[in-house]
Amino acid sequence: MGGEQGMLLLERACEHMRAFDVAEGMRQVYEGLRLIRESADEPGWRYFAEEVAGSLGITRYLNHDPVTRHSGMRPRGYPGDAELIDMVYGYGQLPRETSCLGAAIYAYLCQSPGGRAVRRRRDLIAGELEQLAAGTSRPAVLAVACGHLRETRTLSEQARTVFSEFVALDQDGESLARARSDCAVAGLRTVHSRVRDLVTGDVTFSGLDFVYATGLYDYLPDQIASALTARLFSFLRPGGRLLVANFLPGLPDRLYMEAFMNWRLIYRPLPRLSRLADAVPETAIAERRLFCEETEMIGFLSLTRC
């Protein structure tokens, strides 16, 4: 019954989109998806998200939104690419072909809990870099799966000049090219590499003051994430710190992302995020800390090396 009600709400959402009542239309989309998800087991939901949702009438309205359309098309070949994240950040202009309806849906999604959390995550990392620059002599940093490295955009002029080394690592060469052209930080060096190369030891670093990964862990199974955590921690000098982020369960945007954006994440509560450090010897950890950004949608694991 809940599934039928959910489908009815998705149909009604079309009427609101036609009337340009985007807030109510999106509210009904989210509520309809919630009812459908609650009425289905995991295989049933995956079938709906992957085989049914794209054929529904509401998709022709939702695809006016440049973020939804970009995510579904995956122009870089993978979900959540740096171009999409830039749109969530609000950098640059929307595509020229974006309609008024698309711009309104885009504004709604950017103010959703997920959109706010992504911007808060960027700001939190920027604050960490600013503090590191102020308190450490010529710090060395590694950003893993760096994207366009937008967290450096708001650094103070002084902070930009103090890094002895700022390594930006990503599997996407286009993202690295944008980072090189847009990021004015001292010591910037880009490395085109995959996570597997870090885990196997084919790519390695040492003596780093700060290592961080923002969106990467949302896509890694526990076994790989645990092995990567141990490797990244090994790159630190004594007193250095590793900081990794992961979306928490309960993200209200999750069902929309899965059904209409072809975008699935791995969500971890804080205890499960903490267990990703189990492969790190406890005697090597001076401090282990778990916390959330202010929207409480993204968790962070911080490990300081003895």
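Here is a short report on the structure shown in this document. Since the model is a prediction, treat every value here as computed from it, not as a measurement.

## Focus: the packing of helix H2 (residues 22-38) against helix H3 (residues 42-52)
1) Next: For the pair H2 and H3, interaxial distance at closest approach is 9 Å and the crossing angle is 140°. By the angle between their axes, H2 is oblique relative to H3. Each of Leu 33, Ile 36 and Arg 37 in H2 lies in contact with H3, whose residues at this interface are Glu 42, Trp 45 and Phe 48.
2) Next: Tallied by class, the residues present in the contact of H2 with H3 amount to four nonpolar, no polar and two charged.

## Some thoughts on the pattern of salt bridges
1) Next: Scanning the model with the defined rule gives 26 salt bridges in all.
2) Next: Note that Arg 150 is salt-bridged to Asp 86, the shortest N-O span being 2.8 Å. Within this pair, whereas Arg 150 is found in the loop between strand E1 (140-144) and helix H9 (157-161), its partner Asp 86 is found in helix H6 (residues 82-89), the two being separated by 64 residues in sequence. Across this residue pair, the class does not change: Arg 150 and Asp 86 are buried.
3) Next: The residue Arg 241 makes a salt bridge to Glu 128 at a minimum N-O spacing of 2.2 Å.

## Re the packing of H6 against helix H8 (residues 113-135)
1) Next: Two numbers describe how H6 lies on H8: the axes approach to 9 Å, and their chain directions differ by 100°. Here H8 runs roughly perpendicular to H6, going by the angle between their axes. Counted together, Ile 85, Val 88 and Tyr 89 of H6 and Gly 115, Val 118, Arg 119 and Arg 122 of H8 form the full contact between these two elements.
2) Next: A breakdown of the residues in the contact of H6 with H8 according to their chemical character gives four nonpolar, one polar and two charged.

## Some thoughts on the side chain of Arg 119
1) Next: With respect to the helices and strands, the residue Arg 119 is situated in helix H8.
2) Next: Buried charge without a partner: Arg 119 forms no salt bridge, and the closest opposite charge is Asp 123, 6.9 Å away.
3) Next: Setting aside residues no more than four positions away along its own chain, Arg 119 makes contact with Val 88, Tyr 89, Cys 110 and Gln 111.

## A look at the nonpolar core
1) Next: Membership of the largest hydrophobic core comes to 70 residues, with the highest contact counts inside it found for Leu 33, Ile 58, Tyr 212 and Tyr 256.
2) Next: A total of seven residues in this core trace back to one element, the largest contributor, which is H8.
3) Next: Not counting residues up to four positions away in its chain, the partners in contact with Leu 33 are Leu 10, Trp 45, Phe 48, Leu 255, Tyr 256, Ala 259 and Phe 260.
4) Next: Val 195, Phe 235, Leu 242 and Leu 301 belong to the second largest nonpolar core, which has 31 residues in total.

## Digging into the sheet that holds strand E6 (residues 285-292)
1) Next: Spatially, seven strands are ordered E3-E2-E1-E4-E5-E7-E6 in an open sheet, and the strand pairing comes out mixed. Where the open sheet ends on each side, the last strands, each with one partner, are strand E3 (188-192) and E6. For this sheet, the mean inter-axis angle between neighbouring strands, taken without regard to orientation, is 15°.
2) Next: Where strand E5 (residues 236-247) meets strand E7 (residues 298-305), seven bridges bridge the pair, whose relative direction is antiparallel. Bridging across to E7, Leu 243 finds its partner in Ser 302.
3) Next: Strand contacts of helix H10 (residues 173-182): strand E2 (165-170) and E3, with the helix running at about 175° to E3, the strand carrying the most contacts.
4) Next: Helix H12 (residues 222-234) rests against E1, strand E4 (208-213), E5, E6 and E7 of the sheet, and its axis sits at about 150° to E5.

Rules used in this analysis
Residues take numbers from 1 onward in each chain, read along the sequence in its written order. The model is predicted, so local features are restricted to residues of pLDDT at least 70 and side-chain atom pairs to those at 80 or more, both for listing and for counting; the totals for chains, interfaces and linings are taken over all residues. In computing side-chain values, all of the structure's heavy atoms are included and hydrogens and water are not. Here an axis means a line fitted to C-alpha atoms, over the contact stretch when the element is a helix, while the angle between two N-to-C directions is reported on a 0 to 180 degree scale. For the purposes of this entry, the term helix denotes a DSSP run of H or I that reaches at least four residues, the term strand denotes a run of E that reaches at least two, and both are numbered from the N terminus. By the definition adopted for this analysis, an angle is roughly parallel if under 35 degrees, roughly antiparallel if over 145, roughly perpendicular if from 65 to 115, and oblique otherwise. Residues count as neighbours in contact if any of their non-hydrogen atoms are within 4.5 Å of one another. Charged means Asp, Glu, Lys or Arg here, nonpolar means Ala, Val, Leu, Ile, Met, Phe, Trp, Tyr, Cys or Pro, and polar covers whatever is left, Gly included. By definition, a salt bridge exists where a carboxyl oxygen of Asp or Glu is found within 4 Å of a side-chain nitrogen of Lys or Arg. Exposed residues in this analysis have more than 50% of their type's maximum accessible area, buried residues have under 20%, and partly exposed residues fall in between, with area computed by a 1.4 Å probe over protein chains only. When charges are counted, Lys and Arg contribute as positive and Asp and Glu as negative, whereas His and the chain ends are disregarded. Among the buried residues, those of types Ala, Val, Leu, Ile, Met, Phe, Trp, Tyr and Cys that are joined through side-chain atoms within 4.5 Å form a nonpolar core. Think of it this way: DSSP has to see at least two bridges between two strands before they count as a pair.

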